[in-house]
Amino acid sequence: MPDPNGFLRYDRRLPARRPVPVRIMDWREVYPQAGEELIREQATRCMDCGIPFCHDGCPLGNRIPDWNDLVRTGNWDAAVESLHATNNFPEFTGRLCPAPCEAACVLGLGGQQPVTIKQVEVEIADAAVARGGLRPRPVPAPTGRSVAVVGSGPAGLAAAQQLARAGHNVTVYERDDALGGLLRYGIPDFKLEKRHIDRRLAQLSAEGVRFRTGVNVGVDVTAEELRAEHDAVLLACGALQGRDTPETPGRALRGVHQAMAHLVAANRAVAAAAAGQPSVAAAGDGRQPPAVLPDGTPIDAAGKHVVIIGGGDTAADCLGVAHRQGAAGVHQLDLYPEPPAGRDAARDPWPTWPWILRNYPAHEEGGERVFAVAVQEFVDDGTGQVTAVRIAEVTVEKREGRRTVTVLPGSERELPADLVLLAIGFDGTEEQPLLAQLGVVRNGRGAVDARPNWQTDVDGVFVAGDMHRGASLIVWAIAEGRAAAAAIHAYLGGVGELPAPVDPAQQPLAAR
């Protein structure tokens, strides 16, 4: 039985982050491993309430009170089993998920600080490695059925593991040179060191999943060839179509880029340096070599005044990268006013996800956040290179789903900018030859619709993750990958049922 007084005896505590002056000089993760005493103390704060709303906050249906109590009593092996029963990759979610489960913790209803669910999760995941590694699960007798998974992000990998463990032959196709999707090249190492991905990929490979990298399906392999080789196809290509602002004067200037281009280039430079490639040896000042685009265009922040447009996770990632690259200064711009420090119950009642000011580790490393402003122009230095951004204060109103932005007269000013990064969201999955060859179309949001059985309008072709939902959280990607795998297993006539935590129409907790 859990300790009913744990939350009264212990305050919410997280492990101290690595010191800012130290961590911005490398790309290692911001958080060190927490001590066992701290994690057991924090797990003790979970009181296993009668109706654990944390289950509803998490689309995976993680058994949070169960593994909290197992950690409290020191039963780490059982905690590892309980956590993996619903989540294929807790080492990813424990580091990257913004934790809607914590927003739904019952302690939040009573004015207390929620349980550190995310931190307990990542410590259990790390304990799995420390206590014997990520052992492959024995695969049952092969079914003789074959599945192609297009895309190696969390949705594709979760589906691949579930299907392989059910006995199906699974091949994952990835157009990049390395596996992991956005986990590999879109998420900086200071949030997720890539050894975690490699360790999990080794487990999947040992369980029989085959990987083909550098294969752009629809170009290198046609849809017809793919369908001839496999009994079912799962599309898990993500939502990488970056939202743009082509109407803003000066958008075509050199130095104005999509945020994801900056993150990918930086991650490639870090990966190359880690691999010891001589062409990217460490710079003389000890920092990483400059990041460049595939065509050689510089996109490194070193010595530059950087302006990041956007207020979400991607913008914060760019901020942390700019610090580590040695930016001269950084401004992060947000169209909306500064959020409140705490939940506004009238707007976002518990247990929904609240609109509050979120300070990421990158924000304590430097830079200036500017709220309620919009870019009016990217300013040319006379040679076609951006030299500043002209901004103005704005108000934003939403009526009947439409957004109206009003500029405050006389509020215009300029910020120096040698590098501008657009982190203003995504417009769904990219248009690509594979979709046309399959006969699959994107909807008005740029995503691909799924029928209740996770199939697209094309029989035998399934979709999951951001490609179906639009840009979302890693827990939703894994949940959809698991659910799509269950549907594919049933489609192939597999014995028994696989777990399906969500359906295609399911949405996060929201006030109606």
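Note: the structure precedes this text.
How each quantity is defined
Residues numbered from 1 in each chain as written. Predicted model: local features only at pLDDT ≥ 70, side-chain atom pairs only at ≥ 80, totals over all residues. Heavy atoms only, no water. Buried < 20%, exposed > 50% of the residue type's maximum accessible area, 1.4 Å probe, protein only. Helix = DSSP H or I, 4+ residues; strand = E, 2+ residues; numbered from the N terminus. Contact = heavy atoms within 4.5 Å. Salt bridge = Lys/Arg side-chain N within 4 Å of Asp/Glu carboxyl O.

Undergrad: Run through helix α3 (residues 36–44), naming residues and quoting values.
TA: Note that an α-helix has 3.6 residues per turn; residues three or four places apart therefore point the same way. All of the buried residues in α3 are Leu38, Ile39, Glu41, Gln42, Ala43 and Thr44. In this fold, the buried residues of α3 make contact with α1 (6–9), α5 (64–72), α6 (76–84) and α10 (117–130).

Undergrad: Residue-level account of the side chain of Asp126, with values.
TA: Mapped onto the elements, Asp126 comes out in helix α10. Residue class for Asp126 comes out buried when judged on its relative accessible area of 15%. Those residues in contact with Asp126, other than ones at most four positions away along the chain, are Gln33 and Arg95.

Undergrad: Requested: an account of the pattern of salt bridges, with residues and values cited.
TA: One pass over the structure, following the stated rule, counts 32 salt bridges. In this structure, Arg399 and Glu397 form a salt bridge, with 3.6 Å as the shortest nitrogen-oxygen distance. Taking the relative accessible area as the measure of exposure, Arg399 reaches 59% and is therefore exposed. Taking relative accessible area as the criterion, Glu397 reaches 40% and is therefore assigned partly exposed. By sharing partners, the salt bridges in this structure join Arg17, Arg23, Arg324, Glu364 and Glu365 into a single network.

Undergrad: Just give me the short version of unusual backbone geometry, but keep the residues and values in it.
TA: A cis geometry characterises the amide bond from Trp350 onward to Pro351, with omega recorded as 10°. Here Pro351 is to be found in the loop between β7 (329–334) and β8 (368–371). Not every positive phi belongs to a glycine, and Ala99 is a case in point at roughly 70°. Along the chain, the position of Ala99 falls in the loop between α7 (90–96) and α8 (100–103). If you check the backbone angles, Ala372 has positive phi at about 55° while not being a glycine. Summarising the element assignment, Ala372 is placed in the loop between β8 and β9 (373–380). With a relative accessible area of 18%, Ala372 lands in the buried category.

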